[in-house]
Structures are given as structure tokens and as C-alpha cells.
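Observations on chain architecture
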Amino acid sequence: MPEQLKITKSLDPVIADIKEWPIYKLSQNKDSFLKEVIDLTIDSALSKFPSNNELHSEIKNILYQEKIRLTKTPWKSDSPSERIFWSEIKRKILECDKIEDEEQKHTSDLEILREILTFYGNEMVANFDPKKYKIAQKVLPFVFGRLMNASPGEKLKFLFASDKSIYDKFKITGPIDHIRNLAKKGTVIVVPTHFSNIDSPTIGFVIDIIGLPAMTYGAGINLFTIGILSRWLNDLGAYKLDRRRKNYIYLEFLRNYSKIAISRGAHSLFFPGGTRSRSGQIEKKLKLGLLGTALEAQRNNLQNFNEEVAKKVFIVPVVLNYHYIIEADSLISQHLSYEGKEQFIDEAEKISSSYKLLKTILKVLTANPGMTVSFAPPMDVIGNDVDFEGNSINNIGQKVEIKDYFSFNGKMTEDKQRDMVYTELLGKKIVDKFLTYNTVLSSHIVAFVAFELIKKQFNNLSIYQLLRIPTDEIEIDEFEFELEVSNIRQKLLDLYAEGKILMSERLKDADIDQVIKHGLKNLGVYHAQMPLIKNSSNNIITQDLKLLYFYHNRLLGYGLEKHFE
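Residues numbered from 1 in each chain as written. Predicted model: local features only at pLDDT ≥ 70, side-chain atom pairs only at ≥ 80, totals over all residues. Heavy atoms only, no water.

**With respect to the overall build of the chain**
- From N to C terminus, the chain includes 21 helices and 17 strands.
- For the chain, the proportion of its 565 residues judged to be buried stands at 54%.
- Summarising the internal contacts of the chain: among those between residues at least 6 apart in sequence, 76% fall at separations of at least 24.
- With the model as given, the accessible surface of the chain reaches about 26,300 Å², and the carbon-plus-sulfur share is 52%. (Helix = DSSP H or I, 4+ residues; strand = E, 2+ residues; numbered from the N terminus. Buried < 20%, exposed > 50% of the residue type's maximum accessible area, 1.4 Å probe, protein only. Contact = heavy atoms within 4.5 Å. Areas by Shrake-Rupley, 256 points an atom, 1.4 Å probe, with all protein chains shown as cover.)

The structure is reproduced here in C-alpha cells:
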């Protein structure tokens, strides 16, 4: 496993002048960028719907779906002017219906299509304001300082329960110098795991800490409901995604938006899982749509520029780890409801008294949790490793040329089926990196062991029957728990030695009783009902089995559960 560098302070920017950052240049050339995206999407539409009737029918379909969206699933983020826009599109479609000359009708359809795409583009396009970015650079350390009860600087330690700084709590590891060097040579795409709403600001903050230029990223349009937040998100490089829109033209526009942004050198960030992991498990199945745009952008660069100047695209998987996920309760409920249907009955007790609410607030103010951000080694868009200079290295250690993957008989070719195979290969490599660079924390191991022991106690029950057992009927003997935590830690140490997983220093080196104490203290620390605590007999009990299941799932994928069979 490559050397993992630990970051203890903010690094100097890779590019000192913020106006030289690719995202700033993209923002300054917004009009030409959008025109390129629109033109490319029209080409795609004409290829997909070659006849006049097919294109006209698709435009009508877009109008129908947009009306359904606005009436059946309206959001606060929907602009009041949208209804006026789509009413005008309807009027133009009706006018077009009356045209008898096929050529004139086709011209009218293309004008309507361009108008729709311009509307999508103006809604979606990101901005980048260096002044606001610099303000965010100053504010985010305070936000994360509060979340982790750590001071954002030496002078403010007296305000926090812990005397540690955010750099003590924020464990950032990986081949950072390598990634920084590649950001100067090509376009970097960061693809993190996704568990929490704080993942976006977390990875944005970390990207700034390691000195990379700001990245463009897609944010759900539902996050743009608060005026000030909406403007800030947009001015920090976020482009708007409306996941209610499923029509081909919109999805193609989104793909082309990402592809052209990457081709123009804008470092990008997207969550390949598509949404937060509801189960708590590391993503196994990725959404390949946006991932495929990285591959297409690489091919574009090689087709449009000679080898010396064609920018290379680099993929950097990142694994985020927390001791807690604030929204864990709702996430696991959604997962169980989706997977179990009527088998799942949510009987969890919510915060129902001011005492419990006060207890939760007290935990937040005195908690001492940390976060880990583990960068995996960069890859090319095929999933090959890349060396410090960005050269691709195949699985037998040989240097390979990326253009050869896109060539047939010595010529660059466009082949969608071939590219899809490459994208699937890249997706599998990213999942492998997620598992390998997952940093196991003390809270993960105690949750995993406790839930597996409970499953063993009630081994004739399905997971949905198990989750309905009253928590006061569940108790784990402290000595059995300690023994099994020790056994699983040894298995993790074996995996670590084989380069198949990462472990926190505490989990690797501390006495087992200290590991358990730390894990129990930090596991789900923000929840009103604790997933695990000790009772008066020192045995292990749970106040919320469903939450315990969520945190347990973090260690699935390594075969550790076989130990309990």
C-alpha cells in the first residue's frame, strides 16, 4: 500500500493566483461554455430522435413531464416564473403543430428545443466568486471546530471542551503530494463515499486544506431554497441538479455539462454512489452516468488536441469516516422500509421530552469526536494506477498510453459500448479503493461486534424480526464482548498487513479495553438514544438497535461476519 501522508496543517495552494484556477476561468467564460453544452446536446437529440415526428414528440414529452413535476411534486426551490416559461413553450408547440411544411416545422422544433436547453443551462450553471470563496475559507474552520468540539486556531481553544485543534481531529491521509502534482498537470476528479449531508462541506474544506483549487460539483436543487445559502452555493462552484427531471434531454444536458467542464480543465467533485448510503455500508453499486463523463472528456481531449497538450483526467477516490452520522436514524429507516417493505415496522422512540433534547444538546457541546478523510492513490479513467508524473501503469507494472484504449487500427474512435465497459471497470476499481482505504474507527468495531453477537443470540430471526425485539431484552456479557472485539481487531490487523484496509492509530495500538471505552463513548454520540452503552453490571446494552445496525454495516464487505457463524 502506498505511503499515507498525514496532514497537520493547511498546505500552500497548488496555484497561488485564484484567478488562474480552472473553475474561475470556466465561470468567466460561462456563455461560451453553455453554448458548447447546448450545441452538443442538440446534436445528441438529433441522433437519438432522427425524424421530425420523433423530435416533436420528445419535446411534447418534456412539456408533459415538466407539468407533472410542477403540479405533483412541487418544491420551494421551484421558481414562480417556471410556470410562465412552460406555458409559453406550450403555446409555441401548439403553433408548431399547425405548420404543414416539414422543413419549417423542424426548424420550429429546433428553436423550441434550444429555448428549453437555454432555460436548463441558466438554471444549472455554476458561478465562482473569489471573494466569497475566501470568506468561506475563514468561516468553515469555525463550523467544523464546533462540530468536532475543536478549536479552529490556537487563540480560541478556551471556547471548546477539548484543547485540540481541528487538525488534531481531522485525520487526512493519502498520497497528497502526488495528487497536488497531478492537479498541475491535468484535471482531477474527486469521488468520495457519501453518508451524510455534511460530506460536501467536509470534502470542500479538505480540498482547501490540501491546497487544491476549488472544484465544481452538482448540488440538489432542493438545497437552494434558502436565498442566502442558494447564492453562496452557486457562487462557490455548485451547479444545480433537479433529480425529479428524468427526461432524456435534461439528463443528456447534465452529462454534457459535466463532460465539457472536465474537458475545459475544471477540477470536479461528484459522489459516484449518487446519493447518501442509506444502509451505512460502503457503496457497492455506483451510478455510472457522471462517471462516464470523465471517460468521454478524456477521449475528447485526446481527439481534439495533440498528445503533448491534451490534458489527462485523473480519478481520486476518497473515503470519509465519522463516529456518528447526524441523520443516521432517517437513513436506516429509509433503507429498511425500501428493502423490507411491510416487514419493517419503525418502532423507534424519538426525542419526546425536553430532558432528552437537553441531553442531546449536552452531548453535542461536550463530545470529542473526530473525522478521517482517506485519499486513495489516483487512477486514470480506465482504472490504471498513475505515477507521480501522471503516466498510466497497468496491473503488471508496465507504462501504458491512455490513447491506446480509445484507438482502433491506430486511429482514435468513438465507441459507446466500449466506453461503457471501461466505465464499469472504473466503477469496480473505485469500489475496491473504497474498501481498501476505509479507515476503521473504534466505534465501527464495537458496533459491528455487538450487532453480530445479538444476531447470534437470536439466530432464528430475520433482520426485521430482530429489529423489533425490545431493547431491554438485549444484553451482552462484557467478557464475551471484549473477547470478540479482540478477535475482530486481530482479523482487521491481518487485513491491514495485507494492504486491504486502513485502521485508526488508536484501534491498532491501544489496549483492547481502551478501544472499547473509546468506541462506546463516540459511537453515534449525537443521538438521543445511544446505540451502545454499559449498564450497571458493566454488560453491553443498546437503546436503539436500528442505529446499531446502521453503524455495524460499515464493516460489511470484508467477510468478518463469518467469524460469528
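There's plenty left to go through after this.
**A short note on the sheet that holds strand 11 (residues 399-400)**
- If you trace the three strands from one edge of the open sheet to the other, you get 9-10-11, paired in antiparallel fashion. Either end of the sheet is taken by a strand with one partner, and the two such strands are strand 9 (385-386) and strand 11.
- In this structure, strand 9 lies alongside strand 10 (residues 392-393), joined through two bridges in antiparallel fashion. Following the sheet pairing, Asp 385 is matched in strand 10 by Ile 393. (Pairing = 2+ DSSP bridges.)

**Details of unusual backbone geometry**
- Non-glycine residue Asn 409 carries a positive phi angle of around 55 degrees.
- Tracing the backbone through its elements, the reader meets Asn 409 in the loop between strand 12 (407-408) and strand 13 (411-412).
- The exposure class assigned to Asn 409 is exposed, which follows from its relative accessible area of 68%.
- The phi dihedral of Asn 538 is positive, around 75 degrees, even though this residue is not glycine.

**Remarks on the environment of Thr 202**
- Topologically, Thr 202 is positioned in helix 9 (residues 199-209).
- With relative accessibility at 1%, the residue Thr 202 sits in the buried group.
- Taking the C-alpha atoms as reference points, Thr 202 and Leu 320, separated by 118 residues in sequence, lie 8.7 Å from one another.
- With residues up to four places along the chain from it excluded, the contact list for Thr 202 reads Phe 144, Phe 170, Leu 320, Tyr 322, Met 371 and Val 373.

**Considerations on the nonpolar core**
- Core analysis: the largest hydrophobic core is formed by 114 residues, its most contacted members being Ile 172, Ile 315, Phe 375, Phe 481 and Leu 492.
- Sort the elements by how many residues they give to this core and helix 16 (residues 442-457) lands first, with nine residues.
- Core analysis: the second largest hydrophobic core is formed by 37 residues, Trp 86, Ile 93, Val 125 and Ala 266 among them. (Core = buried A, V, L, I, M, F, W, Y, C linked by side-chain atoms within 4.5 Å.)

**Focus: the packing of helix 18 (residues 478-497) against helix 20 (residues 512-522)**
- Orientation of helix 18 relative to helix 20, taken along the N-to-C sense of each, is 100 degrees, at an axis distance of 10 Å. In terms of their interaxial angle, helix 18 and helix 20 are classed as roughly perpendicular. Seen from helix 18, the contacting residues are Phe 481, Glu 482, Val 485, Ser 486 and Arg 489; seen from helix 20, they are Ile 512, Val 515 and Ile 516. (Axes fitted to C-alpha atoms, helices over the stretch in contact; angles between N-to-C directions. Parallel < 35°, antiparallel > 145°, perpendicular 65-115°, else oblique.)

**Quick word on the packing of aromatic side chains**
- Counted under the stated rule, the structure contains 18 aromatic pairs.
- Taking 5.8 Å as the distance between ring centres and 75 degrees as the angle between the ring planes, the aromatic pair formed by Trp 86 and Phe 119 counts as edge-to-face. One end of the pair, Trp 86, is in helix 4 (residues 81-97); the other, Phe 119, is in helix 5 (residues 102-124), and 33 residues separate them in sequence. For the pair shown, Trp 86 and Phe 119 are each scored as buried.
- Pairing Tyr 405 with Tyr 422 gives two aromatic rings, centres 5.9 Å apart and planes at 80 degrees, and the pair type is edge-to-face. Separated by 17 residues along the polypeptide, Tyr 405 in the loop between strand 11 and strand 12 and Tyr 422 in helix 15 (residues 416-436) bring together distant segments of the chain. (Phe/Tyr/Trp six-rings, centres within 6.5 Å; stacked < 30°, edge-to-face > 60°.)

**A short note on the packing of helix 3 (residues 52-72) against helix 5**
- It is at 10 Å that the axes of helix 3 and helix 5 come closest, and there the two elements cross at 35 degrees. When you trace helix 3 past helix 5, the crossing you get is left-handed. In contact with Asn 52, Leu 55, His 56, Ile 59, Ile 62 and Glu 66 of helix 3, helix 5 contributes Glu 102, Lys 105, His 106, Asp 109, Leu 110, Ile 112, Leu 113, Ile 116 and Tyr 120.
- Within the contact of helix 3 with helix 5, the residues separate by chemical class into eight nonpolar, three polar and four charged. (Left-handed = near helix turned anticlockwise from the far one by under 90°. Nonpolar A, V, L, I, M, F, W, Y, C, P; charged D, E, K, R; others polar.)

**Considering the environment of Ala 297**
- Among the structural elements, Ala 297 can be located in helix 12 (residues 288-304).
- For Ala 297, a relative accessible area of 0% gives the class buried.
- Taking the C-alpha atoms as reference points, Ala 297 and Arg 264, 33 residues apart in sequence, are found 8.8 Å from one another.
- Once you skip the residues sitting within four places of it in the chain, Ala 297 turns out to touch Lys 259, Ile 262 and Ser 263.

**Things to note about the side chain of Arg 276**
- Considering the arrangement of structural elements, one finds Arg 276 in the loop between strand 6 (268-269) and helix 12.
- Only 3.1 Å separates the side chain of Arg 276 from the side chain of Glu 327, close enough to count as a polar contact.
- The residues contacting Arg 276, other than those within four sequence positions of it, are His 194, Phe 195, Ser 196, Asn 197, Glu 327 and Leu 331. (Polar contact = N/O pair within 3.5 Å; in protein donor to acceptor, adjacent residues only side chain to side chain.)

**Quick notes on the pattern of salt bridges**
- All chains considered together, the criterion is met by 32 salt bridges.
- The partner of Asp 78 in a salt bridge is Arg 69, with the nearest N and O atoms 3.5 Å apart. Across this residue pair, the class does not change: Asp 78 and Arg 69 are buried.
- Asp 419 is the salt-bridge partner of Arg 418, the closest N and O atoms lying 3.2 Å from each other. Of the two residues, Arg 418 and Asp 419, both sit in the buried class. (Salt bridge = Lys/Arg side-chain N within 4 Å of Asp/Glu carboxyl O.)

**So, a nonpolar patch on the surface**
- Residues Ile 135, Val 139 and Val 143 make up a contiguous nonpolar surface patch of roughly 230 Å² in combined accessible area.
- Among the secondary structure elements, Ile 135 is positioned in helix 6 (residues 130-147). (Patch = residues over 30% accessible without salt bridge, like charges linked within 9 Å, V, L, I, M, F, W, Y side chains within 5 Å.)

**Some points on helix 5**
- Under the 1.5 Å per step criterion, the end-to-end length of helix 5 is 33 Å for 23 residues, consistent within 8% with the ideal 33 Å.
- The backbone nitrogen of Glu 103 has a side-chain oxygen 3.1 Å away, supplied by the residue at the start of helix 5, namely Asp 101. (Expected span 1.5 Å × (residues − 1).)

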